[in-house]
Every structure is written in structure tokens, then in C-alpha cells.
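The chain contents come next:
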Amino acid sequence: MNKLKRYLLFLVGLFINALGVSLITKASLGTSPISSIPYVLSLNFKFTLGNFTIFFSIFLILLQILILRKNFKLENILQIPVSIAFGYFIDLTMYLFFWVDPKNYLVKVIALLVGCAILGFGVYLEVLADVVMLPGESFVRAIVQTWKTNFGTTKIIFDISMAVIAAALSFLFSGQLNGVREGTIIAALLVGFIARVLGKKLEFIKPVLFPEEYETKREVSEKIQNGGKQYRKNIIVIGRQYGSGGHDIGMAFAEKLGFSFYDQEIIKMAAGTTGYTQDFISKKEESMTNSLLYDLVSQVYMYAQTNEEAPKDQIFEAEKKVIEELAQKGNCVIVGRCSDYILRNRTDCLKIYFSAPIESRVKRVMKRLNLSEKEAKQRIQREDKRRADNYRYYTGRIWGVAANFDITLNTELGMEYIENCVCEALNR
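Note that the structure is a prediction, hence the values are computed from the model and not measured.

**Describing the state of the cysteines**
A complete count under the given rule lists 0 disulfides for this structure. Note on Cys349: no disulfide assigned, nearest cysteine sulfur contributed by Cys332 at a separation of 8.1 Å. Its relative accessible area of 1% is what places Cys349 among the buried residues.

**Things to note about the pattern of salt bridges**
Here the structure, examined in full by the defined rule, presents 17 salt bridges. Here Arg181 and Glu182 are joined by a salt bridge, their closest N and O atoms 3.1 Å apart. Residue Arg386 is joined to Glu383 by a salt bridge in which the shortest nitrogen-to-oxygen separation is 3.3 Å. In this pair, Arg386 and Glu383 both sit in helix 18 (residues 373–395), 3 residues apart, roughly one turn of the helix. Judged by its relative accessible area of 22%, Arg386 falls in the partly exposed class.

**A look at helix 5 (residues 105–129)**
Along an α-helix, residues three or four apart share an orientation, since each turn contains 3.6 residues. Between its first and last C-alpha atoms helix 5 spans 36 Å; for 25 residues at 1.5 Å apiece the expected length is 36 Å, and the two agree. Here helix 5 starts with a cap whose side-chain oxygen sits 2.8 Å from the backbone nitrogen of Leu106, and that cap is Asn104. Note on helix 5: the residue one or two positions beyond its end, Asp130, has a positive phi of about 55°.

**Concerning the packing of helix 17 (residues 358–369) against helix 18**
At a minimum axis distance of 9 Å, the contact between helix 17 and helix 18 shows a crossing angle of 105°. By the angle between their axes, helix 17 is roughly perpendicular relative to helix 18. Of helix 18, the residues touching helix 17 (which contributes Ile358, Arg361, Val362, Val365, Met366 and Leu369) are Glu373, Ala376, Lys377, Arg379, Ile380 and Asp384.

**Describing a negative patch on the surface**
Together, Glu203, Glu317, Glu324 and Glu325 line one region of the surface with negative charge. Note that Glu203 resides in the loop between helix 8 (182–201) and helix 9 (205–209).

**Observations regarding the packing of aromatic side chains**
Aromatic ring pairs are defined here through the distance separating the ring centres and the angle between the ring planes. Considering all chains together, one arrives at 15 aromatic pairs under this definition. Centroid distance Phe15 to Phe89: 5.3 Å. Interplanar angle 90°. Geometry classified as edge-to-face. Of this pair, Phe15 sits in helix 1 (residues 2–26) while Phe89 sits in helix 4 (residues 79–96); the two residues are 74 residues apart in sequence, bridging distant segments of the chain. Taking the relative accessible area as the measure of exposure, Phe89 reaches 21% and is therefore partly exposed. Centre to centre, the rings of Phe45 and Phe173 are 5.0 Å apart; their planes meet at 80°, and the pair counts as edge-to-face. Of this pair, Phe45 sits in the loop between helix 2 (33–44) and helix 3 (49–68) while Phe173 sits in helix 7 (residues 151–174), placing them 128 residues apart in sequence. Just above the ring of Phe210 sits the side chain of Arg6; from NZ or CZ to the centre is 4.0 Å.

**Topic: the confidence of the model for the chain**
Mean pLDDT over the chain: 87, with 89% of residues reaching 70 or higher. In the model, residues 216–231 has pLDDT below 50 throughout and makes 17 contacts with residues more than four positions away in sequence or in other chains.

Cut-offs applied
- Residues numbered from 1 in each chain as written.
- Predicted model: local features only at pLDDT ≥ 70, side-chain atom pairs only at ≥ 80, totals over all residues.
- Heavy atoms only, no water.
- Disulfide = S-S within 2.5 Å.
- Buried < 20%, exposed > 50% of the residue type's maximum accessible area, 1.4 Å probe, protein only.
- Salt bridge = Lys/Arg side-chain N within 4 Å of Asp/Glu carboxyl O.
- Helix = DSSP H or I, 4+ residues; strand = E, 2+ residues; numbered from the N terminus.
- Expected span 1.5 Å × (residues − 1).
- Polar contact = N/O pair within 3.5 Å; in protein donor to acceptor, adjacent residues only side chain to side chain.
- Axes fitted to C-alpha atoms, helices over the stretch in contact; angles between N-to-C directions.
- Parallel < 35°, antiparallel > 145°, perpendicular 65-115°, else oblique.
- Contact = heavy atoms within 4.5 Å.
- Patch = residues over 30% accessible without salt bridge, like charges linked within 9 Å, V, L, I, M, F, W, Y side chains within 5 Å.
- Areas by Shrake-Rupley, 256 points an atom, 1.4 Å probe, with all protein chains shown as cover.
- Lys, Arg positive; Asp, Glu negative; His and termini not counted.
- Charge placed at Lys NZ, Arg CZ, Asp CG, Glu CD.
- Phe/Tyr/Trp six-rings, centres within 6.5 Å; stacked < 30°, edge-to-face > 60°.
- Lys NZ or Arg CZ within 6 Å of the ring centre and 35° of its normal.
- pLDDT = per-residue confidence, 0-100.

Here it is as C-alpha cells:
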């Protein structure tokens, strides 16, 4: 039943993809990079855009066979019927949009943007279904698997190559540039970006569509033990302003309670599963400087599916998995890394946020890093912003909001008061 749902979802996504491609094409400002060669050929020969899409897809599948050879899996043959269906969907939707023929440039741009939004939604559904990759993305994956290249870089080169080849064919067959315009660049930037944003904003849909895949080991354990009831909190997660002393307080609590303490240790554990060095992870984690720019740069990874993610996403997912595994063991204190969000549904988890007046934070940072007062303030502002942006990007929440935590405490109240509050909360 689950497999059937996935294939039905994929077919819906495929049809929506075709709607998007057709509307973008009808805008007459170029088309998406992957469709640029079929589109240019359709302008110069008698076959339709859908026909040439099928021909070009079969060509890419043959190239995959040549590249992968014995590693070409039988299941990849599914790309053939998918390509045929996609081609006919494009011709059908081109017919459905027969009335779309904008003359005004502004109307063309609007049609293009609407087409990009539709195509982005279709790509999101395709990735959500996670059953078959279209030949274009599968061809890129074949190159990555064979020559061990970076997926993101390879996908960008592939898209650029498609547009350049399409432009060259246009000059060859008609003596002028047709089918590749500013809309091709806009589609290349926007479609994956839209799909990626939808993937984040609509994350709640996947557990609804495929609930059987989201029964975690924790949930199974809870069903066995006391009907899922927990009577004592034995996990502490800590969010903290930079310079508030949250790390040191967390370490002190772990020592007092006999709990394991995890902060930098999470980096070491994540390094073992990502292949990145600890130094690389340390620099990249919790450091979102511009989420919009990051999405634009990383959108090419939308098509990688389970094989490769954008590096920062891969780090987040690896650390998330580590945090979930540590929480499963219990009796631990975990610092930062959106752990309050990751473990938000656990009843045995006490979520604490530590803050402090800017004056005391500045003094602490000055002493610890041997900085001037001005340098310490700048450091605090920069680090707080990076943590806030990273938290908002991966959780959709505002960093430091009291509603996300069980307790929010000012560290200037003193260790004794904080200890009493936390110990009381652990048993409630």
C-alpha cells in the first residue's frame, strides 16, 4: 500500500512537472535547462516538445548504461516508461495551455514565475515520493557515482551545459538564438529553490502520508514500557546565548547528576558518519549567515535524494541522528544544535534556555578569548545572529523564545538558584 501511494504521488508530481514546463515554455522567455535542448529541436523540426523530451530522455538513459555498465541497476529501466509518460504529459499540458500566448513582457514574466512555482511543487512531490529519478538527475547521479564528483557542482555544470548546447543548436539550425533566454536562467535558479523551501515548510506532510515509516524505536519502546508513560526526565537539552555560560553550567549539572555530557563530542560522532573532518563540521554547524542565499546555492541537491545532501544539511542530519541516539540512551546533557526542537516530542526531556545581561556576557567573552570590550560585543552579536539564523532555518521557530523551552533562566541568578530550579523540574 505504501509503495502504491508513493507511485501515485510520483505520477501526480510528474504531471504537475509537465504543467510547469509547459507554462514556462509558453511564457516565451526560454524554458528550463533540462528542457532547453528538446525545446530548441521542437522549434526546428516537426516533432513536438513532448516527443523530443522522450527522445532526449532515452539518450540520457543510454549514456547512463555506458557510464555505469554493470552498475546500471535493473530498476533504472523504470526511467523509460516515466520518460514516455512525461513526454506525453508535456504535449497534453501544452495543448491545455493553447490559450496562453502573452505579448506583454510583464505578463510573460508573470507566466514564467507561475510556471516555476508549479514546476517547483512538482519537483517537491517527485522527491517526496522517492521512487524514481527522471533521466536528467539520474544521469548526473551516474557521473557522481562513477567519478566520485560532488553532486551539487556536477548538477550545475550539467544544467549550464544543457543551456549552452541548446543555444549552439539554435544558432546552427536557425541562425539565431531561440528557446534559450533569461527565463532559462530564472528557472534554473528558482525551481529547485522553490522545491527546497516547500520541502522545509511542508515537512509535516510526510509523516501524514507515510505514518508507518515514522514509528521510531523510541515509540516502540514506549508502547512496551508503561503504555508510553514516563515518570522522570533524564535528558537535559540546553539552548544558550553566546557568552551566557550555558556550556559550563550544563557540564556542571552533568557531573553533579552523573549524566553524560555532550557538546563538542557530537561533532566527533557526526564526523564519523559524514566523512567530513571535525574542523570542517565545527566551522559549518550552527552558522547560517544567509538562508535565502544558502537555499539558492544548495537547491541543486534537491535531486540527489538519499545519495548526497548539501554539506550543511548533511551535517545537520548527522548531528540530529546522533542527538536522537544519545537521547535514546538517556541520562545525558546535550548542548545546542537545535536539540530542543529535535527532541521536542520526548516526555523525558527537560528543555532549558540560558540567557544573561549583555554586560556579563561581554565580560565573560573578554576573559575567555582575551578580547577588547568592542571585539567581545561584535563577537557576541555575530555568534547570536548565526545561531538564530541557523535555528530558524532548520526549525521554522524563533531562537530563544520561551515557549520552546520548559525553563528559561538568567545565569546571573546564580548556580544555586539554577540548580534548585532544574532539579525540581527533573522530577515533575
